[in-house]
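# Residue-level structural notes
Residues per chain are reported as follows:
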Amino acid sequence: MANITKKVSWSSRADESGAAGEETALLNGSELSRHLAKESQRGKPKEIPHNEKLLSLKYESLDYDNIENQLFLEEERRMSYMSFRCLEISRWVVCGLIGFLTGLIACFIDIVVEELAGIKYQVVKENIDKFTEVGGLSISLILWAVLNSVFVMLGSIIVAFFEPIAAGSGIPQIKCYLNGVKIPRVVRLKTLLVKVCGVICSVVGGLAVGKEGPMIHSGAVVAAGVSQGRSTSLKRDFKMFEYFRRDTEKRDFVSAGAAAGVSAAFGAPVGGVLFSLEEGASFWNQMLTWRIFFASMISTFTLNFFLSIYNNNPGDLSNPGLINFGRFESESVAYNLYEIPLFIAMGAIGGLLGALFNILNYWLTIFRIRYVHRPCLQVMEAMLVAAVTATVSFTMIYFSNDCQPLGSEHSEEYPLQLFCADGEYNSMATAFFNTPERSVRSLFHNQPRTYNPLTLGLFTLTYFFLACWTYGLAVSAGVFIPSLLIGAAWGRLCGILLASITSTGSIWADPGKYALIGAAAQLGGIVRMTLSLTVIMVEATGNVTYGLPIMLVLMTAKIVGDYFVEGLYDIHIKLQSVPFLHGEAPGTSHWLTAREVMSSPVTCLNRIEKVGTIVDTLSNTSTNHNGFPVVVQVTGGDEPAKLCGLILRSQLIVLLKHKVFVELARSRLTQRKLQLKDFRDAYPRFPPIQSIHVSQDERECMMDLTEFMNPTPYTVPQETSLPRVFKLFRALGLRHLVVVDDENRVVGLVTRKDLARYHLGKHGLEELQLAQT
């Protein structure tokens, strides 16, 4: 263990003060709580110490491994072939419901955003037109800034004060959930309501955000609720889908919900499935693929159908998805072999710009964690960003003299004339004075010579920094559309420059084509998706011609970006100190064994245990164990006990609640036998041990754990290498892995945090510290 780098401090800055040999004291465990207690006595700290090289103890794992105890096996044996068929049909029904409800939510968000944004832009446009000639445009600016700030203030208040987990796109949190980490409140009904209202306010408030990212989180929440057949928030139980009330089943449905969210956002059912596979689910099987595809298909169809009614074209299903990039159907869609190097170069630019975006956002997020942690400060920051965004947009439009003729092919909904001549409109306003989705479509499809190169350059620069500042605010918002918009702007600029330096530019250097390539490069450089993003872009544009260029661009962007920094979602997962397990164990870790990484000593329970001992074990605040090996004493008494099973804290709490004691079972012959239904009814919010009353007489009773424990837990010998332990733990979705000696005696327990502690740093294998953050 001596070879592992352990130097970790709370501050990410080097400790320059003090003597050369001194290091910042580690605030770990009880030291941290004493530090925070001192700070709370002085008043709330102005700065929260934070470092990304810590793992938080507040995150627990989900129980993805089925507990195959006697109750489970008896229930499975009693089920007939027909019962299994009905369960399979129920899974398809649940996936259909997930797709339908996710599509409805997407439809609701789209319609409300269009209506509110339309009213806002119309009011501001009339005001600008009125004051352009008579002077007093500052009043228009104030009106625009105030409208933006009011909407953003509403969206930020409900997030900061009522449900902070609803901030951002929610994709990092869903990735963690599907990886097996229990993120508090991430799939609650309240989170969904705040998410939907928050994203409407953010987009209408003119922030550099999109409404597509939060759809993935919304779909996941819908899936988690529908699959359980009840709402614990509303305290309503519909007595449906009771068999699915466990983490394993819920995880699969949440994968389907995330895919349905992508599908509704982009009208890309196949892209939704691939997104869930590439970015979301850590566990996969073939039947799950079919069900997720079904949910995605239903989601796209539902959104499409209801939007066709809203647009007075009932039955017209040709515009799926919240964002429709439009179809590239002109002669200029063709590309030649000599353009491939250009596309690869654009991919490299996208990777570089994406890495810059991620690094800037990383430092900004560290600053927010340390200083902007009070809800009132978060709301004020969001309002400041809204006001600055409006001011920058207005200033850019005001000083731009890029006037374009307002032709019949013009598709802008809110053209601003400003100081342009009659029959002309301000081109800069096309980019700023619109929802981001409409701006992306304009950059893709407007005619050549619609934009001045200077206009595009300035827009790219300003929107890049605005989007970077906006991501991470206490508002519900996605990064997909701002990334596409930034990329489309500099991509179109590349197309214009290429056309200007070649005599045949008008034939092959179509600016719309390069806008599409730039958009893919920029988004790939920020989020580092390849497979799913290729299919999403192809499906959303309705043109498979660009499949190869988009693949090349995304792969290049990922390779270049990964050289400098991780993807945006991975950065935010790390900044939250989540014990996230990647696909492979860190390299150079073969010399570590299970004995060196395990937690020990382990709290074990006897097969027949005293109730008082169980209550004391669960009530002990110094141990937060959620799994206890069950052991049996060998005849002789002096030898260590041997492993015979594993029981969870949640199971013990249900047993105590129902008072399943040996003495009571003997005295009450008619007592109802505990069933799996009792455990499922308590799921997922098991009561705390403090809420269960156990009298002094009952403490002396005995509890037989034989029927309820898992008699076949996964175990490894203590000499097993770390990569082997990691592979077993990660592939099977375990929460506890028991380490035994050669005589099957318990010597330790491996949990998620024991494995997540190790990662490759600049100086080789590093061990992260655990903290109560």
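What comes next is a walk through the structure. (Residues numbered from 1 in each chain as written. Predicted model: local features only at pLDDT ≥ 70, side-chain atom pairs only at ≥ 80, totals over all residues. Heavy atoms only, no water.)

### With respect to the sheet that holds strand β14 (residues 737-740)
Selection rule: Two strands qualify as a pair provided DSSP detects at least 2 bridges between them. Secondary structure follows DSSP: runs of H or I at least 4 residues long count as helices, runs of E at least 2 residues long count as strands, and numbering of each begins at the N terminus. Angles shown run from 0 to 180 degrees and are taken between the N-to-C directions of axes, each axis being a line fitted to C-alpha atoms and, for helices, limited to the stretch in contact.
Reading across the sheet, the 3 strands line up as β13-β14-β15 and stay open at both edges, with mixed pairing between neighbours. Since the sheet does not close on itself, it has two edges, and those belong to β13 (715-717) and β15 (746-750), each with one partner. Across this sheet, the average inter-strand angle for adjacent strands is 30°, counted without regard to direction. Direction of pairing for β14 relative to β15: antiparallel, over a ladder of 4 bridges. The residue of β15 that forms the bridge with V738 is L749.

### Some thoughts on a nonpolar patch on the surface
Rules: Patch membership is restricted to residues that have no salt bridge and whose relative accessible area is over 30%. Joining uses 9 Å for like charges and 5 Å for the nonpolar side chains Val, Leu, Ile, Met, Phe, Trp and Tyr. Per-residue accessibility takes into account occlusion by the displayed protein chains alone, with areas from the Shrake-Rupley method and a 1.4 Å probe. Criterion for a salt bridge: a side-chain nitrogen of Lys or Arg within 4 Å of a carboxyl oxygen of Asp or Glu.
Together, L352, I359, W363, Y563 and F564 make up a nonpolar patch on the protein surface, roughly 580 Å² of accessible area in all. Sorting the residues of the nonpolar patch by element identifies α11 (340-371) and α20 (547-564) as the ones contributing at least two each. With 3 residues, α11 is the largest single contributor of residues to the nonpolar patch. Mapping W363 onto the fold places it in helix α11.

### A few points about the sheet that holds strand β10 (residues 627-632)
Paired through their backbone hydrogen bonds, the strands of a sheet run either parallel or antiparallel. The condition that has to hold: Contacts between residues were defined by any pair of non-hydrogen atoms, one from each residue, lying within 4.5 Å.
Across the sheet, which stays open at both edges, the 3 strands sit in the order β8-β10-β11 with mixed pairing between neighbours. Both edges of this open sheet fall to β8 (605-606) and β11 (642-648), since each of them pairs with a single strand only. Here β10 pairs with β11 via 6 bridges, running antiparallel. Following the sheet pairing, V630 is matched in β11 by G645. Across the sheet, helix α24 (residues 649-657) is in contact with β8, β10 and β11; its angle to β11 comes to roughly 75°.

### Observations regarding the pairing of strand β16 (residues 758-761)
As judged from the 4 bridges shared by β16 and strand β17 (residues 764-767), these two strands associate in the antiparallel manner. Each bridged residue has a counterpart across the sheet, and for Y758 the counterpart in β17 is E767. Count of turn residues in the β16/β17 antiparallel hairpin: 2 residues.

### Re the nonpolar core
Our working rule: What we call a nonpolar core is a set of buried Ala, Val, Leu, Ile, Met, Phe, Trp, Tyr and Cys residues that are connected through their side-chain atoms within 4.5 Å. Exposure categories follow from relative accessible area, calculated using a 1.4 Å probe and restricted to protein chains: below 20% of the type maximum is buried, above 50% is exposed, and the middle band is partly exposed. Where a domain begins and ends is set by an automatic assignment or by a domain database.
With 143 residues, the main nonpolar core has I397, M537 and I550 as its most contacted residues. The element contributing the most residues to this core is helix α3 (residues 81-134), with 14 residues. Per-domain counts for this core show at least three residues from each of domain 1 (97-311) and domain 2 (336-379 + 396-576). C644, V654, L674 and V694 belong to the second-largest nonpolar core, a separate cluster that totals 29 residues.

### Considerations on unusual backbone geometry
Across the junction of S600 and P601, the peptide omega takes the value 0°, indicating a cis bond. Mapped onto the secondary structure, P601 falls in the loop between α22 (594-597) and β8. For the bond from Y683 to P684, the omega torsion is 0°, close enough to zero to count as cis. Positionally, P684 belongs in the loop between α26 (676-682) and α27 (696-699). Although it is not a glycine, F241 sits at a positive phi angle of roughly 50°. In this structure, F241 sits in the loop between β5 (236-237) and α8 (247-266).

### Some remarks on helix α10 (residues 286-310)
Basically, it comes down to this: Working rule for helices: expected span equals 1.5 Å times residues minus one.
In this model α10 runs 37 Å from its N-terminal to its C-terminal C-alpha over 25 residues, within 8% of the 36 Å that 1.5 Å per residue would give. Residues of α10 that are buried include every one of L288, R291, I292, A295, S296, S299, T300, T302, L303, N304, L307 and S308, and no others. In the segment just after α10, N312 is the residue with positive phi, at about 60°.

### Observations concerning the packing of α11 against helix α18 (residues 511-527)
The condition is simple: Angles are sorted into four bins: roughly parallel if under 35 degrees, roughly antiparallel if over 145, roughly perpendicular if 65 to 115, and oblique for all others. Handedness of a crossing is defined here by the sense of rotation of the near helix relative to the far one, left-handed for an anticlockwise turn of less than a right angle and right-handed for a clockwise turn.
In the contact formed by α11 and α18, the axes pass within 7 Å of each other and the chain directions differ by 40°. Comparing their axes, α18 and α11 come out oblique. Crossing of α11 over α18 shows right-handed handedness. Only Y514, I517, G518, A521, Q522, G525 and I526 of α18 make contact with α11, whose side of the interface consists of L342, F343, M346, G347, G350, G351, L353, G354, A355, F357 and N358.

### Comments concerning the packing of α3 against helix α4 (residues 137-162)
The line we're drawing: Polarity classes work like this: nonpolar for Ala, Val, Leu, Ile, Met, Phe, Trp, Tyr, Cys and Pro, charged for Asp, Glu, Lys and Arg, and polar for all others, with Gly in that last group.
At their nearest, the axes of α3 and α4 sit 8 Å apart, and the two run at 165° to each other. As far as their axial angle goes, α4 and α3 are roughly antiparallel. Considering the relative orientation of α3 and α4, their crossing is right-handed. Contact residues: L116, K120, V123, V124, N127, I128, F131 and T132 in α3; L137, I139, S140, L143, W144, L147, N148 and F151 in α4. Tallied by class, the residues present in the contact of α3 with α4 amount to 11 nonpolar, 4 polar and 1 charged.

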